Amino acid sequence: MSDATGTTTPDRPADLPAQSPPVHKADSGRGAPSFWRGENGEGARRNLGLIAVLVALVIIGIATRPDLYGDSTWVWNNILTILKLASVVGVVTVGMTFVIIGGGIDLSVGAIVALAGVWCTTVATQSYGAGGMIFSALTVGLAVGLVNGLLVSYGRLVPFIATLAMMVAARGLAAEISDKQTQVSSNATINGIASTNLLGIPLLVYILAAVVIAGWVLLNRTTFGRRTVAVGGNPEAARLAGINVKRHTLLLYALSGLCCGIAAIMLTSQATSAQAAMANLYELDAIAAAIIGGTLLSGGRGTIVGSLLGVIIFSTITNLFAINGLSTEAQNMVKGGIIVAAVLVQQVQFRTLSQFLSRNRTTTT
Amino acid sequence: MSDATGTTTPDRPADLPAQSPPVHKADSGRGAPSFWRGENGEGARRNLGLIAVLVALVIIGIATRPDLYGDSTWVWNNILTILKLASVVGVVTVGMTFVIIGGGIDLSVGAIVALAGVWCTTVATQSYGAGGMIFSALTVGLAVGLVNGLLVSYGRLVPFIATLAMMVAARGLAAEISDKQTQVSSNATINGIASTNLLGIPLLVYILAAVVIAGWVLLNRTTFGRRTVAVGGNPEAARLAGINVKRHTLLLYALSGLCCGIAAIMLTSQATSAQAAMANLYELDAIAAAIIGGTLLSGGRGTIVGSLLGVIIFSTITNLFAINGLSTEAQNMVKGGIIVAAVLVQQVQFRTLSQFLSRNRTTTT
Amino acid sequence: MSTGAGPEPRRASTEVGSEHVSTGAGPAPRPLVEAPADAVPGDVVLRLTDVVKTFPGVRALDGVQLEVRAGEVHCLLGQNGAGKSTLIKVLAGVHRPDSGQVQWRGEPATFANPQTAMRAGIATIYQELDLVEDLSVAENAFLGHEPRRLGFVRRGQMARRTREILGRLGHPEIPPGRLVRALPAAGKQVVSMARALSHEARLIIMDEPSAVLAHDEVGNLFRIIRELTAQGIAVIYISHRLEEIREIGDRVTVLKDGRTTAANLPARDTPTRDLVSRMTGRTIEYVFPDRPAAEAGGELLRVAGLSRAGEFADVSLSVRAGEIVGIAGLVGSGRSELLETIFGARHADAGTVSVAGRSVRPGSVGAAVRAGMGMAPEERKSQALLLGEPIYRNVTLATFSRYARLGFTDTGRERAEADRIADVLDLRPRDVRRPVRTLSGGNQQKVVVGRWLLGDTRLLLLDEPTRGVDVGARAELYQVIRQLAARGVGVLLVSSEVPEVLGLADRVLVMREGRVVREAPAGELDENTVLDLVMAGSLLEGTPA
Amino acid sequence: GCTSNETAPTAAQTKAAESGGNAEPGKRVTIGFSAPAADHGWIAAITNNAKAQAAAYSDVEFKTVEAGADAAAQRAALSTLLSQKPDVIVLLPHDGKELNAFGLEAMKAGIPVVNLDRAFPDARAYRTQIKGDNYGMGVAAATYIVDQLRAKGVTNPIIGEIPGIDSLELTQERSKGFADTLTSYGFKVANRRPAEFTADSGQQAATGLLQALPKMDALWNHDDDQGIGVLAAINQAGRKEFFMVGGAGSKKAMEDIQADNTALKATVTYSPSMASSAISLARLIGQGKGMSDLVELQVPKEIVLASETITKENAGSYLKLGF
Ligand SMILES: Nc1ncnc2c1ncn2[C@@H]1O[C@H](COP(=O)(O)OP(=O)(O)OP(=O)(O)O)[C@@H](O)[C@H]1O
Ligand SMILES: Nc1ncnc2c1ncn2[C@@H]1O[C@H](COP(=O)(O)OP(=O)(O)OP(=O)(O)O)[C@@H](O)[C@H]1O
Ligand SMILES: [Mg+2]
Ligand SMILES: [Mg+2]
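Quantities reported herein were computed from a predicted structural model and do not represent experimental measurements.

Cut-offs and rules
- Residue numbers here run from 1 along each chain, matching the order of that chain's written sequence.
- Chains carry letters from A onward and ligands carry numbers from 1 onward, assigned in written order.
- Only residues with pLDDT of at least 70 get local features here, since the model is predicted, and only at 80 or more are side-chain atom pairs given and counted; chain-wide, interface and lining totals rely on the full set of residues.
- Hydrogens and waters are ignored; side-chain quantities use all the structure's heavy atoms.
- Bend angle per residue: angle between axes fitted to the 7 residues ending at that residue and the 7 residues starting there.
- In this description a helix means any DSSP run of H or I spanning at least four residues, a strand means any run of E spanning at least two, and both kinds are numbered starting from the N terminus.
- Exposed residues in this analysis have more than 50% of their type's maximum accessible area, buried residues have under 20%, and partly exposed residues fall in between, with area computed by a 1.4 Å probe over protein chains only.
- Two N or O atoms count as a polar contact when they lie within 3.5 Å, although within protein this holds only if one can serve as hydrogen donor and the other as acceptor, and sequence-adjacent residues are included solely when both atoms are side-chain atoms.
- Two residues form a contact once any of their heavy atoms are found within 4.5 Å.
- Using a 1.4 Å probe, buried area is obtained as the accessible area two parts lose upon being combined, added over both of them.
- By definition here, a salt bridge exists when the distance from a side-chain nitrogen of Lys or Arg to a carboxyl oxygen of Asp or Glu is within 4 Å.
- When residues are grouped by polarity, Ala, Val, Leu, Ile, Met, Phe, Trp, Tyr, Cys and Pro land in nonpolar, Asp, Glu, Lys and Arg in charged, and all others, Gly among them, in polar.
- Nearness is defined per residue: one heavy atom within 4 Å of the molecule or strand is enough.
- Areas reported here follow the Shrake-Rupley algorithm with a probe of radius 1.4 Å; residue values treat only the protein chains shown as occluding.
- The source of the domain bounds is an automatic or database domain assignment.
- UniProt positions are given in the numbering used here, feature names are shortened, and annotations may be inferred rather than shown by experiment.
- Each pair of strands is called paired provided DSSP finds at least two bridges between the two strands.
- Axes here refer to lines fitted to C-alpha atoms; in helices the fit is confined to the stretch in contact. Angles between the N-to-C directions go from 0 to 180 degrees.

Some remarks on helix α3 (residues 72–101) of chain B
All names here are of chain B.
- Taking the largest bend as the criterion, α3 deviates by roughly 45°, centred on Ser-87.
- Within α3, 23 of the 30 residues are buried, which leaves it mostly tucked inside the rest of the structure.
- You can read the cap of α3 off the contacts: a side-chain oxygen lies 3.0 Å from the backbone nitrogen of Thr-73, and it is on Asp-71.
- Looking one or two places after α3, you find Gly-103, whose phi comes out positive at around 90°.

A closer look at the interface of chain D and chain B
- Across the contact, 35 residues belong to chain D and 39 residues belong to chain B.
- For the pair chain D and chain B, the summed buried area comes to about 2,800 Å², and 48% of that belongs to carbon and sulfur atoms.
- If you look at where chain D meets chain B, you find 0 salt bridges.
- Between chain D and chain B we count 13 residue pairs in polar contact (both at pLDDT 80 or more) in total.
- Of all elements in the fold, only α1 (41–56), α6 (199–212) and α7 (224–237) of chain D reach the threshold of two or more residues within the side of chain D that touches chain B.
- Sort the elements by how many residues they give to the side of chain D that touches chain B and α6(D) lands first, with 8 residues.
- Looking at the side of chain D that touches chain B residue by residue, the classes come out as 10 nonpolar, 16 polar and 9 charged.

What to know about the site of ligand 1
- Neighbouring ligand 1 are 23 residues, the closest being Ser85(C), Thr86(C), Thr438(C), Ser440(C) and Gly442(C).
- The residues that come close to ligand 1 belong to more than one chain, namely chains B and C.
- Separating an oxygen atom of ligand 1 from a side-chain N or O atom of Gln127(C) is a distance of 3.0 Å.
- A distance of 2.8 Å separates an oxygen atom of ligand 1 from a polar side-chain atom of His240(C).
- For ligand 1, the protein covers 88% of the area, taking 640 Å² as the surface of the free molecule.

Some details on the site of ligand 2
All names here are of chain C.
- Close to ligand 2 lie 16 residues, the nearest being Gly-334, Arg-335, Ser-336, Glu-337 and Glu-378.
- Within the backbone of Gly-334, a nitrogen or oxygen atom sits 2.9 Å from an oxygen atom of ligand 2.
- In the environment of ligand 2, an oxygen atom lies 2.3 Å from a nitrogen or oxygen atom belonging to the side chain of Ser-336.
- For ligand 2, whose unbound accessible area comes to 620 Å², protein coverage reaches 80%.
- The element best represented in the shell around ligand 2 is helix α9 (residues 335–342), accounting for 3 residues.
- A breakdown of the residues in the shell around ligand 2 according to their chemical character gives 4 nonpolar, 6 polar and 6 charged.
- Each of domain 2 (122–199) and domain 3 (298–536) contributes no fewer than three residues to the shell around ligand 2.

A short note on the UniProt feature "transmembrane region" (unreviewed entry) in chain A
All names here are of chain A.
- Per the UniProt record, "transmembrane region" (unreviewed entry) is found at residues 47–65, 85–118, 130–151, 157–177, 198–219, 250–269 and 304–323.
- Annotated as 95% helix and 0% strand, the span residues 47–65 places its first and last C-alpha atoms 27 Å apart.
- Spanning residues 198–219, this segment combines 77% helix with 14% strand, and its end C-alpha atoms are found 28 Å apart.

Details of the sheet that holds strand β17 (residues 358–359) of chain C
Residues and elements named next belong to chain C.
- In spatial order, the strands read β14-β13-β16-β17; together these 4 strands make up an open sheet with antiparallel pairing. Either end of the sheet is taken by a strand with one partner, and the two such strands are β14 (312–320) and β17.
- The sheet contact formed by strand β13 (residues 299–308) and β14 spans 6 bridges and is antiparallel. The residue of β14 that forms the bridge with Glu-299 is Arg-320.
- α9 contacts β13, β14 and β16 (350–355) of the sheet and is inclined by roughly 120° relative to β13.

Observations concerning the environment of Arg451(C)
Residues and elements named next belong to chain C.
- Here Arg-451 shows up in helix α14 (residues 441–451).
- Ignoring sequence-local partners within four residues, the contact set of Arg-451 consists of Ala-384, Leu-385, Asn-394, Val-395, Leu-397 and Ala-398.
- In this structure the side chain of Arg-451 is engaged in a polar contact, spanning 2.6 Å, whose partner is the backbone oxygen of Ala-384.

Let's talk about the pattern of salt bridges
- With the rule as written, the count across this model stands at 56 salt bridges over all chains.
- In this structure, Glu169(D) engages Lys97(D) in a salt bridge whose closest nitrogen and oxygen atoms are separated by 3.1 Å. You can see Glu169(D) sitting in helix α5 (residues 169–184) and its partner Lys97(D) sitting in the loop between β3 (88–91) and α3 (100–108), a full 72 residues away along the chain.
- The class for Lys97(D) is buried, based on a relative accessible area of 18%.
- One salt-bridge network, held together by shared partners, links Lys180(A), Glu329(B), Glu161(D), Asp166(D) and Arg192(D).

Here it is as structure tokens:
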């Protein structure tokens, strides 16, 4: 008999029916709090692992700079700094998470942010005021996203290639529009977004929170979100279930583009300017954050909360380096190590927890 | 019986075993040359599509610069220039193709090239002469690749994350070693590699050819290649067929690292120097070339020849821009368009050809 | 296939039919013969005439006639690759026919996509499970037609309706919120059925639904089918198990090589030999091969006290050279896990495995293969096949390095070996360079099993080797397995079909809920005894806690 | 970029604390410093020079936050610097316009900002700025090329250009100075292929350029670091018919010019020594002093370095400033 259920007599006649303990009824979910079960059980556990990584990073921060961490105002300020740093990439990552869950990838996000940023800061656009700038950034983002989606879904291009081409083209267009100059935003409302605080919390953080919540609801509570999982996890099944896979794919890229439009406004406001080279390699940051957050690169699985935690982990690492004044090269070497360690911690964490929970469950049934 | 095979007598006694006309055997390859059939049929046809794209690019070149293309010495020189330009990325792409077919991805190739290049040009290494430099570049490449492989296979990290971490770390280490300086190679043998011609063809092109041929043989004619396809196509099936999936994965990354080591020597020789920022974004170039060449990003399918053609297409595009003196921004916009067009041409080409061939086949059987 | 319940009908042979089998009464495939007088009365809901569908190089449907009436269970019979799945995919809007007419409820119809077909009232359970692993049971059941308001899923309503349907299906214990990923194979099949029932369908198509179901589950399925037909819903039922067709079917249409060779035969009364000959066009010696008189050889495999928490516990067994040992049990009784653990694909919590007296390193498939084991796993698509690769490379997946010299593969030899296997198993199409993806389900299964018929495997672990394999090929497969045993190979066979275990194996182990509850020579057991032993508890929750 | 394999920053680029006047140790000053991640010799030299200059003063405490790959990362790093309240901040921004907001914030918080090289558009965002003359670099390069070509009597010259990263505004300014000057003499750039400030990208850009221009008269390469690769490409193509002008002023380039055995005949400076000067200015600002050679009591608002042309004749005297 298995150790976990070692209650039966070993010499029971072999054909005695029905009384042996149910060896494999383990996953029935009884005996564990409902938080762990159901559709998000694994995701939630994985997110706990990410939180553990975050805690570890903070502890390293405290250990290396006790002087700073002794000052509670500074600590609060630092948290806000980290969140502000995370905000722009965070918004992009929400869109990216949808695309990846839906079985695609979007390498053009950084370029879209740059294009939308440049577009909304041209002299002509700025003349329409803050409303016009926001409108144009969102429209540009959405439009480029739609083109991506068309190429992938109806043009049947591999997402990697389609969005790579768009990345190159959009940066080129942005350079063309801006004539490779950094375009300064002179709109006080736009510039004010980054410096406004509400109840002591920066507006940018509210925007991030709003996008994350909207993303979470969209993914978990709407048909769109649920179908995204289907389209990425088993496109054939999705098609057989009558889902218009192509149209859905199109919408996913459009969504990502829209998020880039929002991010463009945030970034422009932070920099009070825009240029063709801005948001450089955001695609890598966003993909990495999503994957660290548990999104499967092959599609069909992922959580918004995980992606958010992924982004925050990366910005916490950056912050850690800044407060320790590490040189770039040391910083990079350590960063590589931390990323690996983070994933390992999270995996171990995750496995241990699952084991713990399933053991717990077995004994209570 | 089906029209396609309408040769048998319909009233033949039915109990005659095993001779029922082969309704389903139409694809047995009769009527089409053997090149198109069998295991590599699809790959070969796809490669024809790529060649069509190449031809189109050359025609554009001739149309835009008839003056240059009128000069046959220049044309020959230009072909060699394109091949030389393709050589370094080409070698990296061969390794990358193996990794991707095997179900992984290697974002660290550019960083490995840089690290190996920097390592082999330190004052200390250079004192060992050309042999020492080559040895150290290959060893460094192999070693970093092995670490990648260990992280992915035994550490169970997602390849994207593991190699992203390595990318950051290896660049950091390279910056540390070189103290962010450009390290000049003063070794005449190494520097000579890039300027040596044999029978009028640059040595670099021979190296590329050797690596491509070795890669082709390895992928198509050896058990290693067969395992690669299996491991990438269905790791569970590979495992249950007795293949050591982890060890094989490890070897794939090591192979990619080794290719990076070779590329490092080539690039160092070309630039007569090395620095931490060299081979910037080669990972993107290599992945894009492999995918354009028909390698499935999700693993299990790909060809070396396709990857090579992908690399050559990219360097032909670059060359086309150079001889037309396009500005960077125009260049980028056009490049995005060309990539999309190339893939579309190739797809159409591919589909039409298949249709043509299958029609052909049906009528001849 | 055994049609009776006991081990007696070990030898049921059918005679030759004519190659161009006519329909039930008429000589030509067209016009369709009227349904026999005793057919279930009802309107014709679906009529196919001369439907043709070609894939590159293959004419999968070559003039199919089909007529389905409301309230009947219409069975489709045919060999592997005959075109059954293709036919139902045409009906479901997955494939568009090249030519031919589809009449749906009296009017010509074209189903351009699955959605149109579903809207028209055709629901389908596909042969290959078509579920999304990371969605819940309820979300899968209602995928594509979720109850919703303003784009938001009405989760409460969806869960309630799912629970209702699951209750009707006899599985109230499956929680609607559970991720499908966490369900065993049989549970997934239930979800597939729940999906079909979630539509307001007039025609439900079931493509080999019983392949992954255990005996009691099949009974359950039949109860539901009867309920459906009583409401006037038509059912198209595909299975390779003739006894099921006798039990549930009303009329039978037989396909061969993409053509209708017989239509609207009465399901209960048509002699088996007729059916078989119309399917195969030749004589099938439908037998389990004789057991050899000679005693089996020395002990080859010894498993002692093997356990894995949550799956099976304290399993001890042995297989001797030349012996076929069968394991019977319900789906979900842990047999697959046991086999995988013996094979080293899973790590045992306790216990040992040894081959020919030498213990095998646990948790290492490589060690098991080196010790001479081979395993044909249960789920062909996810566990066994490289779908994009040619057949021969799939057949030689475990052995290609044996044909290699200095690491260089010998493709010619591989192809020759694969050809041999293809002949033995009657693979269709026979061209071993075709990608496995284009094979029908049953033919894919043959590839999986065929893989281990190559090479010098001493001990064969077969997990549901005949799942989805047609009558003819099945007989061939039995012969092959027996021949291997005669050459001294030990076989450990898991099958959910009790007659198969009893007919093929020399010795039988019965498993229930992860434990071996009985071990006896096959001759000492009959089907009812085994079923009694096996039945206890149901799919998920089982015995009351 | 720094082209030697030596590691120590050259002493010549720092100004040792002399005795008397401003050199006398004064009030302790904490200087915060930030420059973009160094992936390039020139920026590496900037950071090294700043460090070395700070170390030369006994009354300076040097805090560096080296920040990331883009403006956003630098902004985040700077806000942690700000929270540590240094006396003066010396800042080489990724992009002056993108970090303008930070300059304003710091100045508002009462911390003077010394902008190094990449100007803020808003004059309130900095206390002092010291920078090179990008436009002037282009002018100097073009002037040298025009002089040479006229001396040779070339009337319709084919001129190539290899800029650095093309999307940077500084590249634009350099190219503009170059093009404007050539135009004023009736010449133009025949082809320009951007590189990325690295030797390997320089080699590839140059290979493309040489292929596009089978005959060439003169070439301006913006950056001596990538110039190593450009020279290699010229060698590999076996081209000898033209001469080349470099940019920035690395030691290797000066040595090559002095030896006069490559295509490189001159380079126009853009010296990273400005970082050392920036530290000196920051110290004076922190101590409330002026530049003692000038009459003014405070440090001036703006200092622009002239771009000098180094040729075979004067290379010897500039060699010590090479980085
Ligand atoms: N996508 C495809 N491409 C090419 N050929 C195909 C494709 N799908 C099916 N076929 C071929 O069509 C024929 C009919 O296959 P189908 O799946 O309908 O058989 P089936 O009767 O369902 O067999 P089984 O009993 O094994 O499930 C087979 O020869 C198969 O190889
Ligand atoms: N993916 C899974 N997640 C959780 N539990 C699982 C999973 N797969 C299987 N199980 C558990 O393992 C038990 C045995 O599974 P399975 O259905 O494969 O048994 P089996 O006897 O091998 O079936 P078969 O006869 O069909 O091969 C199930 O009761 C189930 O509780
Ligand atoms: Mg089928
Ligand atoms: Mg099982």
